[in-house]
Amino acid sequence: MELQSLITLTTGVTLLTCVLVVVGLHSYAMGKAQRQALVDRLSATGQIPTGGRRRNFRGIDRRLRRTKLGKKLELRLAATGLDITPGEFFVYMLATVAGLWLIGQAALAPFFGPLAGLLGIGVAVQFLNWQRQKRIEKFINQLPEMARILANATQAGLALRTAIGMAAEEMEAPAGEELGKVSNQLAVGASMDDALGELADRLPSRELVVLVTTLVLSNRAGGQVVSALRNLTETLEERKETRREVRTQLSQVNMTSYAVPVLGVGSLFLMNGVKDGALDRMTGSAFGQAAVIIAFSLYAVGFVLIRRLSRIDV
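So, how was this worked out
- Residues numbered from 1 in each chain as written.
- Predicted model: local features only at pLDDT ≥ 70, side-chain atom pairs only at ≥ 80, totals over all residues.
- Heavy atoms only, no water.
- Helix = DSSP H or I, 4+ residues; strand = E, 2+ residues; numbered from the N terminus.
- Contact = heavy atoms within 4.5 Å.
- Expected span 1.5 Å × (residues − 1).
- Buried < 20%, exposed > 50% of the residue type's maximum accessible area, 1.4 Å probe, protein only.
- Axes fitted to C-alpha atoms, helices over the stretch in contact; angles between N-to-C directions.
- Left-handed = near helix turned anticlockwise from the far one by under 90°.
- Nonpolar A, V, L, I, M, F, W, Y, C, P; charged D, E, K, R; others polar.
- Patch = residues over 30% accessible without salt bridge, like charges linked within 9 Å, V, L, I, M, F, W, Y side chains within 5 Å.
- Areas by Shrake-Rupley, 256 points an atom, 1.4 Å probe, with all protein chains shown as cover.
- Salt bridge = Lys/Arg side-chain N within 4 Å of Asp/Glu carboxyl O.
- Phe/Tyr/Trp six-rings, centres within 6.5 Å; stacked < 30°, edge-to-face > 60°.

Some details on the side chain of serine 257
Inference 1: Locating serine 257 in the fold gives a position in helix α11 (residues 251–274).
Inference 2: Those residues in contact with serine 257, other than ones at most four positions away along the chain, are Phe303, Ile306 and Arg307.

Next up, the structure:
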């Protein structure tokens, strides 16, 4: 009797285990399918990169995206067009900071290690700003061609949504990529105002704001899109030439702004090369450390002032 009860209990536990295994496999398959569908939908709207390579540091990336800093970093990386996740950029930045810290500490003096680490953070931020500005400048240079394509398409009787999709296929990056994101967002149900507004947020410029405003108002009020785009094309061509002339005139000033901090850092290596251990003795007292910090601050202020004074908004 006891043996029969044991056999029955064992059989029941085995059947229950098999049922739980089947339910678990079914839930896993459904979750994987839902995740893949979500990835495909986000890839279609351009909200996640689709480079096809395996992403590194995915755990760090997931945690970083939940923070306010991670969200800002994600928007900044999207504006640069770099195929890199916020987690990857954060880890690479930390590695750069650690490397510069060790180099500054070994090549100059232990006091310069933290300063070199802070310089690494500044270099990373400046690199993002440079990549973003370079992409914006390239996009601005493509705006006249974009306005011309949209004007020709709407004059041929195509809807504005169709014209944007056609321009995305014909134009090169970055305009083609950005218009592709707008077209994908429109395809999944986003409004014209929201899709073009996000484009203006990713690549802020006066020219793009004017173009987006023209398209939004024409689409909302039903105005004459063709004539507005024709006039805007001529204006963008003139602004393009003006920006090119201004950039040429200010090229020497921009080089001077970068030469100022380079001379400051170079003087430190020169001092240490002329007399070995001079920086160790100089930073060995609080007065010397304060003098170094003040000097670096003045170089940074000079760099910022030269950049500000040489900035001309066209």
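Having put the structure on the table, let's press on.
What to know about α11
Inference 1: With 24 residues, α11 ought to run about 34 Å at 1.5 Å a step, and its terminal C-alpha atoms sit 34 Å apart, in line with that.
Inference 2: For α11, the full list of buried residues reads Ser257, Gly264, Leu268 and Asn272.
Inference 3: Contact partners of the buried residues in α11: α4 (86–107), α5 (112–155), α12 (278–282) and α13 (286–309).

What to know about the packing of helix α6 (residues 160–170) against helix α7 (residues 175–187)
For any two helices packed against each other, the geometry comes down to the angle between their axes and how far apart the axes lie.
Inference 1: Here α6 crosses α7 at 145°, and the two axes come no closer than 8 Å. Crossing hand, α6 versus α7: left-handed. For the pair formed by α6 and α7, the contact residues are Arg161, Ile164, Gly165, Ala167 and Ala168 on the first element and Gly176, Leu179, Gly180, Val182, Ser183 and Leu186 on the second.
Inference 2: Taken together, the residues of the contact of α6 with α7 break down into six nonpolar, four polar and one charged.

Focus: α7
One turn of the α-helix equals 3.6 residues, which is why residues spaced by three or four share an orientation.
Inference 1: Compared with an ideal rise of 1.5 Å per residue, which puts 13 residues at 18 Å, α7 spans 18 Å between its outermost C-alpha atoms and is within 8% of the ideal.
Inference 2: Within α7, the full set of buried residues consists of Ala175, Gly176, Glu178, Leu179, Gly180, Lys181, Val182, Gln185 and Leu186.
Inference 3: Its buried side turned inward, α7 meets α3 (68–80), α5, α6 and α8 (192–202).
Inference 4: Looking one or two places after α7, you find glycine 189, whose phi comes out positive at around 110°.

Here's the deal with unusual backbone geometry
Inference 1: Of the consecutive residues alanine 173 and proline 174, the connecting peptide bond is found in the cis state with omega at 5°.
Inference 2: Tracing the backbone through its elements, the reader meets proline 174 in the loop between α6 and α7.

Describing a nonpolar patch on the surface
Inference 1: Judged by side-chain polarity, Phe57, Ile60 and Tyr92 come together as a nonpolar surface patch covering roughly 260 Å² of accessible area.
Inference 2: Take tyrosine 92: it is sitting in helix α4.

Considerations on the environment of alanine 159
Inference 1: Looking at the secondary structure, you find alanine 159 in the loop between α5 and α6.
Inference 2: Given the relative accessible area of 45%, alanine 159 is considered partly exposed.
Inference 3: Taking the C-alpha atoms as reference points, alanine 159 and asparagine 219, separated by 60 residues in sequence, lie 9.5 Å from one another.

Points about the pattern of salt bridges
Inference 1: Considering all chains together, one arrives at six salt bridges under this definition.
Inference 2: The salt bridge partner of arginine 65 is aspartate 61, with a shortest N-O separation of 2.7 Å. Placement of the pair is arginine 65 and aspartate 61 together in helix α2 (residues 58–65), with a separation of four residues, close to one helical turn.
Inference 3: A salt bridge links arginine 65 to glutamate 74, with the nearest nitrogen and oxygen atoms 2.6 Å apart.
Inference 4: When salt bridges that share partners are traced, they join Arg135, Glu177, Glu178, Lys181 and Arg202 into one network.

Re the environment of leucine 250
Inference 1: Within the secondary structure layout, leucine 250 lies in the loop between α10 (225–249) and α11.
Inference 2: The exposure class of leucine 250 is buried, given its relative accessible area of 17%.
Inference 3: Residues leucine 250 and serine 310, 60 residues apart in the sequence, show an inter-C-alpha distance of 6.8 Å.

Quick word on the side chain of arginine 135
Inference 1: Locating arginine 135 in the fold gives a position in helix α5.
Inference 2: Among all residues touching arginine 135, those that are not within four sequence positions of it are Ala79, Thr80, Gly81, Pro174, Glu177, Glu178 and Leu203.

Examining the packing of aromatic side chains
Inference 1: On inspection of all chains with the given rule, the structure shows five aromatic pairs.
Inference 2: Note on phenylalanine 111 and phenylalanine 112: the rings are 5.8 Å apart at their centroids and 80° apart in plane angle, and the pair reads as edge-to-face. The two residues phenylalanine 111 and phenylalanine 112 agree in class, both being buried.
Inference 3: One aromatic cluster is present, formed by Phe111, Phe112 and Phe296 through successive ring pairs.

A few points about the packing of α4 against α5
Inference 1: At a minimum axis distance of 7 Å, the contact between α4 and α5 shows a crossing angle of 145°. The two elements α4 and α5 cross, and the hand of that crossing is right-handed. Packed against α4, whose contacting residues are Phe89, Met93, Val97, Leu100, Trp101, Gly104 and Gln105, the element α5 presents Phe112, Gly113, Pro114, Ala116, Gly117, Leu119, Gly120, Ile121, Ala124 and Leu128 at the interface.
Inference 2: A breakdown of the residues in the contact of α4 with α5 according to their chemical character gives 12 nonpolar, five polar and no charged.

So far we have only geometry, and geometry alone does not tell us how the molecule works.
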